[in-house]
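# Chain and residue survey
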Amino acid sequence: MLKKPETLFVLGYMLLPLLALLSAIVGLTMILGGNKIAGAIVLVVVTQAFAFGAFFALRARKTAMLEESDRG
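We now turn to the structure provided with this report. Note that this is a predicted model, so its numbers are computed, not measured.

Each full turn of the α-helix corresponds to 3.6 residues, which orients residues three or four apart in the same direction. When the terminal C-alpha atoms of helix α1 (residues 5-33) are compared, their 40 Å separation across 29 residues agrees well with the 42 Å that a helix rising 1.5 Å per residue should span. Taken together, the buried positions of α1 are occupied by Pro5, Thr7, Leu8, Gly12, Leu16, Ala20, Ser23, Ala24 and Gly27. The inward-facing, buried residues of α1 abut α2 (36-71).

As structure tokens, this is what we get:
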């Protein structure tokens, strides 16, 4: 299922960047609310995990699209 270009498109361009944005908002809210350590962890670790996940999903989509065009 994670080899389909359509699924990787949704993950790479829609879902994971949206989750990265939401986790960045949550991290900044936590920092401004006084919970600085947990907010920094959410801001750095969780947001970057979603951002890099989107990057890798887009690379996997590109590979899947190239394989699909080679078959066709």
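Moving on from the model shown.
A word on the packing of α1 against α2. Across the interface, α1 lies against α2 with an axial gap of 8 Å and an inter-helix angle of 170°. Taken together, the axes of α1 and α2 lie roughly antiparallel to each other. Here the contact of α1 with α2 is built from residues that sort into 27 nonpolar, six polar and three charged.

As a further point, take the layout of surface pockets. Its boundaries defined by the atoms lining it, the largest pocket holds a volume of some 150 Å³. Taken together, Leu2, Lys3, Leu8, Ala60, Thr63, Ala64, Glu67, Glu68 and Arg71 make up the lining of the largest pocket. Looking at the lining of the largest pocket element by element, the count peaks at six residues for α2. For the lining of the largest pocket, the residue count by class is four nonpolar, one polar and four charged.

About the thresholds
Residues numbered from 1 in each chain as written. Predicted model: local features only at pLDDT ≥ 70, side-chain atom pairs only at ≥ 80, totals over all residues. Heavy atoms only, no water. Helix = DSSP H or I, 4+ residues; strand = E, 2+ residues; numbered from the N terminus. Expected span 1.5 Å × (residues − 1). Buried < 20%, exposed > 50% of the residue type's maximum accessible area, 1.4 Å probe, protein only. Contact = heavy atoms within 4.5 Å. Axes fitted to C-alpha atoms, helices over the stretch in contact; angles between N-to-C directions. Parallel < 35°, antiparallel > 145°, perpendicular 65-115°, else oblique. Nonpolar A, V, L, I, M, F, W, Y, C, P; charged D, E, K, R; others polar. 1 Å grid on protein atoms, 1.4 Å probe; cavity = no way out; pocket = protein on both sides within 12 Å on 5 of 7 lines; lining within 4 Å. Points joined across faces, edges and corners; volume = space filled by probe spheres on them.

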